[in-house]
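Observations on chain architecture
So you can see what is in the structure, the chains are spelled out below.
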Amino acid sequence: MTIRVVVADDQELVRSGFAMILDAQDDIEVVAEAGDGAAAVEAVDRLAPDVALLDVRMPVLDGIEACRRISAGSRCRTVMLTTFDSDEYVYEALHAGASGFLLKDVRRDDLVHAVRVVAAGESLLAPSVARRLIEEYTAATARPAAVRGLSAQRLEVLTARERETLLHLGRGASNAEIAVALTVSEHTVKSHVGNVLAKLGLRDRIQAVICAYETGLIAAGSPSRE
């Protein structure tokens, strides 16, 4: 199946470069390019792509707001692209519904991999972004106001094994690592992960990480996976 992609960036050379890299893949088709966030939203509404690559800083409508509108109004998944390795943008993008966050100096192969991973329903963060995200959440005093205050009562809908699964997700573990930790098959882990996301109304694994910290399941200062 071909992955249909919209690429949005206000810099034409950057936008064209990403589009060329992706279009060169047998399983990816760039169906539209957009120079601002409003045009990106319109393209997604019109063409119903699988993935939208959105620059954070764009005219007319910035990438964060474009991501929010796309996530609310379609099944298209979004990957944010920026030159700025800033926590502020990470938090805003994730809460807007982004499924991936990459820096613009991403390698060609990593860009292609990110699109495939996100199109398959998974989530992806650049390693430096993921590390900073976890570090921020483990420092309670550093948490932005936007990501505080969810009650632990939200987790009461989960079984004990599902809570364990969420705990491992919050620490950044893969399905294979969770399977080892819980002494179950990866198939069973996938089932637990699916149940966690469905019961808590979460879009993907990234939002599960956020939820684990917001609800206090993972306490400030607890160790995270390297």
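See the structure shown above.
First, a word on what this report is: a plain description of the structure on this page. (Residues numbered from 1 in each chain as written. Predicted model: local features only at pLDDT ≥ 70, side-chain atom pairs only at ≥ 80, totals over all residues. Heavy atoms only, no water.)

Once that is clear, we can look at the environment of Ala40. Position of Ala40 relative to the elements: it lies in helix α2 (residues 37-47). Separated by 34 residues in the primary sequence, Ala40 and Val6 have C-alpha atoms spaced 7.2 Å apart. Once you skip the residues sitting within four places of it in the chain, Ala40 turns out to touch Ala8, Ala34 and Leu54. (Helix = DSSP H or I, 4+ residues; strand = E, 2+ residues; numbered from the N terminus. Contact = heavy atoms within 4.5 Å.)

Of all hydrophobic cores here, the largest spans 28 residues; its most connected members are Leu54, Ile70, Met80 and Phe101. Here this core gets five residues from one element, more than from any other, and that element is helix α4 (residues 87-96). If you look at the next biggest cluster of nonpolar residues, it comprises 22 residues, including Phe18, Leu81, Val112 and Val115. (Core = buried A, V, L, I, M, F, W, Y, C linked by side-chain atoms within 4.5 Å. Buried < 20%, exposed > 50% of the residue type's maximum accessible area, 1.4 Å probe, protein only.)

On to the pattern of salt bridges, then. Considering all chains together, one arrives at ten salt bridges under this definition. Taking the shortest distance from any N to any O, the salt bridge between Glu42 and Arg46 comes out at 2.8 Å. Pair noted here: Glu42 and Arg46 are both in helix α2, with a separation of four residues, about one helical turn. Classification of Glu42 by relative accessible area gives partly exposed; the value is 39%. Residue classification places Arg46 among the exposed positions, given a relative accessible area of 53%. We note a salt bridge from Arg161 to Glu164, for which the minimum N-O separation is 3.0 Å. Placement of the pair is Arg161 and Glu164 together in helix α7 (residues 160-170), with a separation of three residues, close to one helical turn. According to the relative accessible area criterion, Glu164 is partly exposed, its value standing at 33%. Salt bridges here are not isolated pairs; linked through shared partners, they connect Asp9, Asp55 and Lys104. (Salt bridge = Lys/Arg side-chain N within 4 Å of Asp/Glu carboxyl O.)

A few words now on α2. By the burial criterion, the buried members of α2 are Gly37, Ala40, Val41, Ala43 and Val44. Each buried residue of α2 sits inside an arc of 160° when the element is viewed along its axis, so together they form one side. Among the exposed residues of α2, those oriented more than 90 degrees off its buried face are Asp45 and Arg46. Looking at the buried positions of α2, the neighbouring elements they touch are β1 (3-8), β2 (28-34), β3 (51-55) and α3 (63-73). For α2, the side-chain oxygen to backbone nitrogen distance between the N-cap and Ala38 is 3.0 Å, and the N-cap itself is Asp36. Taken from the residues just after α2, Ala48 is the one with a positive phi, measuring 50°. (Arc of directions from axis to C-beta. Polar contact = N/O pair within 3.5 Å; in protein donor to acceptor, adjacent residues only side chain to side chain.)

For the rest of this paragraph, the subject is the pairing of β1. Buried residues dominate β1, accounting for five of its six residues. In terms of strand pairing, β1 meets β2 through six bridges, oriented parallel. Note that in β2 the partner of Ala8 across the bridge is Ala34. Taking the sense of rotation as the criterion, the β-α-β connection linking β1, helix α1 (residues 12-23) and β2 turns out right-handed. (Pairing = 2+ DSSP bridges. Right-handed = clockwise from strand over helix to strand, strands pointing away.)

Let us now look at the layout of surface pockets. Counted as a void, the second largest pocket has a volume near 160 Å³. Taken together, Pro49, Asp50, Arg75, Cys76, Arg77, Ala119 and Arg203 make up the lining of the second largest pocket. Here the lining of the second largest pocket is composed, by residue class, of three nonpolar, no polar and four charged. (1 Å grid on protein atoms, 1.4 Å probe; cavity = no way out; pocket = protein on both sides within 12 Å on 5 of 7 lines; lining within 4 Å. Points joined across faces, edges and corners; volume = space filled by probe spheres on them. Nonpolar A, V, L, I, M, F, W, Y, C, P; charged D, E, K, R; others polar.)

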